[in-house]
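# Working through the structure, step by step
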Amino acid sequence: MSTYRDLTAPIGSRRAPVLRTTVGTRERRSHLTAPRVPTVGIDIGGTKVMAGVVDADGNILEKVRTETPDKSKSPKVVEDTIVELVLDLSDRHDVHAVGIGAAGWVDADRNRVLFAPHLSWRNEPLRDRLSGRLSVPVLVDNDANTAAWAEWRFGAGRGEDHLVMITLGTGIGGAILEDGQVKRGKFGVAGEFGHMQVVPGGHRCPCGNRGCWEQYSSGNALVREAKELAAADSPVAYGLIEHVKGHLTDITGPVITELARDGDAMCIELFQDIGQWLGVGIANLAAALDPSCFVIGGGVSAADDLLIGPAREAFKRHLTGRGYRPEARITRAQLGPEAGMVGAADLARLVARRFRRAKRRRVERYERYERYTEARRTQDLA
């Protein structure tokens, strides 16, 4: 009697032939071999959760967002918010995987969020929890890593082999890409450039140390310096004081940027100051990492040449071996606030093949069983 194995094996052989190719038994997992399927990217910050369906070319097909639940609430509340957004998008799109860019430290396995400053995540197994609830592969990474990946794939870093991204927001984040791979370090927390010490004994940083780079070149540094001058009733700050009608709590990064673009001398000077500190830090990173390109992103980068111009000048002035070595390109990010979401979705495409392969195997098993039952039926009739 023929068995199920006999009937499903190729004709003339009891064992399927082994296919051999020049690329080996397993292809290198990269964006070049990833399936061109829609995936969902999620960017989680301290104030908002943004989710979008992204195609294989980096185009956002649909985007939704909501406020981040209060950080004092349990991690499950944030997870519930993520699940709701993904299920909402899944009603209208065939989603094959979900990528999450989290503002925090993510372990090397890209499963646990070790620490998130704006959320109550402490060693939280986010990937495993969400995979069980969404029934598709889930990838978790640091938000700066996902933004850097997006800029390398679709934005200002296209064509670069060695790229460093610096994200300027409330603080400074960063990421390193080399030969198409995000360098996460042994424990997954590489790229925390904002906490390099640049001024021993300097300003206290929330991380607990003093003199961190982000205390001199970030949105917080910009606003802190402006408020100090305004609180001292400095004559150079009169334009800013008048603009906020004396309410110093209304001094924000966008307000300072607007005034600087309108020609306010003090606001321009503040951007020159943080731009110079930015250039000093970039020169240090160039000495350590020697990339071909630095991409500057984050909300503060909206100031564009008000910030990046002074940074380029300071970089050239402080670069080790200046005049005797090639200089890395410094450019502003192109994808804006959606970079983290787009990058998370594109990285998730690398694990989407697991979902597609599992689905294909289920279909193949069903088809083999149908052939087997049909063969048995034919034998019985004979």
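Keep in mind that this is a model prediction, so the values were computed, not measured.

Here we take up the packing of helix H7 (residues 253–261) against helix H8 (residues 265–289). Running from N to C, H7 and H8 point in directions that differ by 115°, and their axes come no closer than 7 Å. Taken together, the axes of H7 and H8 are roughly perpendicular relative to one another. The crossing of H7 and H8 is left-handed. For the pair H7 and H8, the contacting residues are Ile256, Thr257, Leu259 and Ala260 in the first and Cys267, Ile268 and Phe271 in the second.

Our focus in this paragraph is the pattern of salt bridges. Applying the stated rule across the entire model yields 18 salt bridges. Asp57 is paired through a salt bridge with Arg36; the nearest N and O atoms lie 3.0 Å apart. Remark: Arg36 occurs in the loop between helix H1 (4–8) and strand E1 (39–44) and Asp57 occurs in the loop between strand E2 (48–54) and strand E3 (60–67); sequence separation between them is 21 residues. Of the residues examined, Asp57 reaches a relative accessible area of 45% and is grouped as partly exposed. For Asp128, the salt bridge goes to Arg127, with nearest N and O atoms at 3.6 Å. A relative accessible area of 45% means that Asp128 is categorised as partly exposed. Judged by its relative accessible area of 25%, Arg127 is partly exposed.

So, about the side chain of Arg224. Here Arg224 lies in helix H5 (residues 219–231). One polar contact links the side chain of Arg224 to the main-chain carbonyl oxygen of Gln215, over a distance of 2.8 Å. Beyond its immediate sequence surroundings of up to four residues, Arg224 is in contact with His203 and Gln215.

It is worth spelling out the side chain of Asp107 at this point. Along the polypeptide, Asp107 turns up in the loop between strand E5 (105–106) and strand E6 (113–115). Buried charge Asp107 goes without a salt bridge, the closest partner of opposite sign being Arg112 at 5.0 Å. Side-chain polar atoms of Asp107 contact the backbone nitrogen of Asn111, separated by 2.9 Å. In this structure, Asp107 is in contact with Arg112, Leu114, Phe187 and Gly188, ignoring residues within four places of it in sequence.

What counts, and where the lines are drawn
- Residues numbered from 1 in each chain as written.
- Predicted model: local features only at pLDDT ≥ 70, side-chain atom pairs only at ≥ 80, totals over all residues.
- Heavy atoms only, no water.
- Axes fitted to C-alpha atoms, helices over the stretch in contact; angles between N-to-C directions.
- Helix = DSSP H or I, 4+ residues; strand = E, 2+ residues; numbered from the N terminus.
- Parallel < 35°, antiparallel > 145°, perpendicular 65-115°, else oblique.
- Left-handed = near helix turned anticlockwise from the far one by under 90°.
- Contact = heavy atoms within 4.5 Å.
- Salt bridge = Lys/Arg side-chain N within 4 Å of Asp/Glu carboxyl O.
- Buried < 20%, exposed > 50% of the residue type's maximum accessible area, 1.4 Å probe, protein only.
- Polar contact = N/O pair within 3.5 Å; in protein donor to acceptor, adjacent residues only side chain to side chain.
- Lys, Arg positive; Asp, Glu negative; His and termini not counted.

Scope: geometric values only; no functional claims are made or implied.
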